[in-house]
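Geometric and topological summary
Each chain, letter by letter, is given below.
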Amino acid sequence: MDSRMDRIRKFMLQEEEDDDELFLVLLPAIYSSLYEEKCPVHTSSLSGAQLVKEILEGHQSWSKNCIGAIDRTHIPITIGEEKAAPYRNRKGTLSQNMMVACDFDLNFTFISCGWEGSASDAGVLRSAISKGFEVPAGKFYLVDGGYGNTSSFLAPYPGVWYHLGEFRRRRRNHTSYANKEELFNHRHALLQNYIERAIGVLKKRFPLLKVGNHYPIESQIRIHAACVVFHNIIRAMVKETSRASWSHSYERGLAEILVEHNVPVYRGQNGWVAEGWKSIASKFNSKFPSAQFTKQQIQEKEKDMKANYKAVRDARKQSGTGWDASLSMIIAEPIIWEKLKKDYPMVKRYEGKPFLLFPTLASLYEGSIATGDLNFLSIPIPSVDLTGEEASPTNSSTNQLGTVNPLSSTHDAGQSSNMHGQEAQPTTSISSGQKEDEPVRKRKQSQIVVVLNDYVDFKKQQNQKFMEEMKEPKQTDQFTIATCVAALETMEDLSIAEKSKALRLFKCQHNREIFLNTKDPLLRTFWLKEEISDMEKA
């Protein structure tokens, strides 16, 4: 009679559609095995031990005694408002704090679920230890900075760079480690990354872990634990296979099968559907019995073929390149090839070699991938002469394909003003496969392009005029009230009462100008007295 786990495996093999209800159907059958799954059974065989040894650089004790990594992850939940307070984490969302441990085969070896989202990582670990979680003597787990550093749990140095992204930036800048602590933290992060990868695979495999559901909170927690169990079962059922070895006959056969399945029944706008891939994998393995590739390996190869086709398609459009249709091969000078390999690294393998699958892949992908043919920029694109000669300034308003840049301010103003039927002759690059005397097709200038050019010229002139006005020094007013008062205070022929009345006259700009421009003191005094007299009569 089959065991409980065997019955679960058979049921999962028969279930092809993803359905959330599957968890509730199987929960009674597997819940009794959850306790066994939670027990810290250390089964890590350290697959890829060579990689681990290279990471540790001679620290053999790590390879022998490090049995995995521990981390927590927050799983969204839904719960009533009256019970939500302890489940609200530091980001303000409702979640449960689930702690998991994994080995270096990405299998989970321990689960602690059910803690509220506000619980600390160290508190969850202490609770697990008090309830029976044990680490074998002399062994240890890797943990991050949220946990304490003990003989059983090894944490990184605090206050020192730790995240892998920081070390990648330093490597790009060719900066070495500042001290031994940084070196240790980098090695630690490389191995701690295993638990982050395992959690990422788990959540991608079960999208239910990314959102809350409306089951009772007890069922939600059990569903989360069941997903971890299913993860281990699936990994046990799927054998780890080596990287597929593809020959040209395999690639050609796959391309032909893809063409056969290039019909709406098997392929949508975003690629082949699940039934299509199942049929493609079945026909491929029937055609090549010695290969026996998995569906995932075939999908990865299709992505690689698509990327190669896109790189070759874009590279052969560059100036200075030719195309031999009979051989499906790019023809270019060595200096052109150096630029192509820099801009399109994937074409390096086709330097001097044909890409025989190009016509077949063109029938598959042409029209379904982005080309950017209608793209233009609001700045002129300088023409690049790969022969080392200076670029002609007349080409600054044209792009690589010879089309006019609609927003180029360097375009001839005479062309902008003519809006009816004028033809512009774009400058084109002549490839090695074209003849210089071959006529160039003329393209009529669009009215929209002309209007845009006129608008750009207008805004340019407007901005230039504004900047010139801003640069002009502002003339200061020489006939201010303060200047008039200072001059009035020096006049001894006027009484205090007359000076007080004279101040009213300075409210007028004309009076201030007459007063200050009168240089004769007697004449200035007589004018002031006459103005004061007229003001009193009025």
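Quick notes on the rules
- Residues numbered from 1 in each chain as written.
- Predicted model: local features only at pLDDT ≥ 70, side-chain atom pairs only at ≥ 80, totals over all residues.
- Heavy atoms only, no water.
- Helix = DSSP H or I, 4+ residues; strand = E, 2+ residues; numbered from the N terminus.
- Buried < 20%, exposed > 50% of the residue type's maximum accessible area, 1.4 Å probe, protein only.
- Contact = heavy atoms within 4.5 Å.
- Areas by Shrake-Rupley, 256 points an atom, 1.4 Å probe, with all protein chains shown as cover.
- Core = buried A, V, L, I, M, F, W, Y, C linked by side-chain atoms within 4.5 Å.
- Arc of directions from axis to C-beta.
- Axes fitted to C-alpha atoms, helices over the stretch in contact; angles between N-to-C directions.
- Parallel < 35°, antiparallel > 145°, perpendicular 65-115°, else oblique.
- Left-handed = near helix turned anticlockwise from the far one by under 90°.
- Nonpolar A, V, L, I, M, F, W, Y, C, P; charged D, E, K, R; others polar.
- Salt bridge = Lys/Arg side-chain N within 4 Å of Asp/Glu carboxyl O.
- pLDDT = per-residue confidence, 0-100.
- Pairing = 2+ DSSP bridges.

1. Some remarks on the overall build of the chain
- Counting its secondary structure elements, the chain contains 19 helices and 11 strands.
- Looking at the chain as a whole, 38% of its 538 residues qualify as buried.
- Within the chain, counting contacts between residues at least 6 apart in sequence, those at least 24 apart form 63% of the total.
- Of the accessible surface of the chain, which amounts to about 33400 Å², a share of 53% is contributed by carbon and sulfur atoms.

2. Here we look at the nonpolar core
- By size, the foremost hydrophobic cluster in this structure holds 39 residues, and its most contacted members are Met98, Phe108, Leu142, Ile195, Leu202 and Phe206.
- Among the secondary structure elements, those contributing two or more residues to this core are β1 (66–76), β2 (95–102), β3 (108–116), β4 (140–142), α7 (180–205) and α8 (217–237).
- Those residues in contact with methionine 98 that sit more than four places away from it in its chain are Asp71, Arg72, Thr73, Ile75, Ile111, Ser112, Cys113, His224 and Val228.
- Ala255, Trp272, Leu340 and Phe358 belong to the second largest nonpolar core, which has 35 residues in total.

3. Things to note about helix α13 (residues 358–365)
- Burial in α13 covers these residues: Phe358, Leu361, Leu364 and Tyr365. Across the axial projection of α13, the buried residues extend over an arc of 115°, all falling on one side.
- The inward-facing, buried residues of α13 contact α9 (248–260), β6 (267–268), β7 (271–272), α11 (295–315) and β8 (321–324).

4. Some details on the packing of α9 against helix α10 (residues 274–287)
- At a closest axis distance of 10 Å, the pairing of α9 and α10 adopts a crossing angle of 140°. Regarding the angle of α9 to α10, the classification is oblique. The crossing of α9 and α10 is right-handed. Contacts from Tyr250, Gly253, Leu254, Glu256, Ile257, Leu258 and Glu260 in α9 reach Trp277, Ile280, Lys283, Phe284 and Lys287 in α10.
- Here the residues of the contact of α9 with α10 sort into seven nonpolar, one polar and four charged.

5. Overview of the side chain of histidine 224
- Locating histidine 224 in the fold gives a position in helix α8.
- Accessibility expressed as a relative area gives 0% for histidine 224, which makes it buried.
- The contacts of histidine 224, once residues within four sequence positions are left out, are Ile75, Pro76, Ile77, Gln96, Met98 and Leu209.

6. Some thoughts on the pattern of salt bridges
- Evaluation of the coordinates by the stated rule reveals 10 salt bridges.
- Measuring nitrogen to oxygen at the nearest pair gives 2.7 Å for the salt bridge that ties glutamate 251 to lysine 301. Separated by 50 residues along the polypeptide, glutamate 251 in helix α9 and lysine 301 in helix α11 bring together distant segments of the chain. Per residue, the accessibility class of glutamate 251 equals that of lysine 301, and both read buried.
- Ionic pairing is found between aspartate 343 and lysine 339, a salt bridge with its closest N-O pair at 2.7 Å. With aspartate 343 and lysine 339 both in helix α12 (residues 334–343) and four residues apart, this pair spans about one turn of that helix.
- The class of aspartate 343 is partly exposed, set by a relative accessible area of 39%.
- Looking at lysine 339, the relative accessible area reads 33%, which means it is partly exposed.

7. Observations regarding the confidence of the model for the chain
- The predicted model of the chain has a mean per-residue pLDDT of 76, with 70% of residues at 70 or higher.
- Of the regions scoring below 50 in pLDDT, residues 15–29 engages in 18 contacts with residues more than four places distant in sequence or in other chains.

8. Some words on the pairing of β8
- Here β8 runs beside strand β9 (residues 329–332); their pairing, made up of four bridges, is antiparallel. Residue pairing for β9: tryptophan 323 is matched across the bridge by isoleucine 330.
- Between the end of β8 and the start of β9, which pair antiparallel, lie four residues, with serine 328 showing a positive phi angle near 55°.

9. With respect to helix α17 (residues 496–505)
- Residues Lys499, Ala502 and Leu505 constitute the buried set of α17. Down the axis, α17 shows its buried residues gathered within 90° of arc, on one side only. In this structure, α17 carries Ile496 and Arg504 as exposed residues pointing more than 90 degrees from its buried face.

10. A short note on unusual backbone geometry
- Phi at glutamine 292 is positive, roughly 50°, even though this residue is not glycine.
- Mapped onto the elements of the fold, glutamine 292 is located in the loop between α10 and α11.
- Backbone geometry at serine 328 places phi at a positive 55°, although glycine is not the residue there.
- Summarising the element assignment, serine 328 is placed in the loop between β8 and β9.
- We classify serine 328 as buried; its relative accessible area is 6%.

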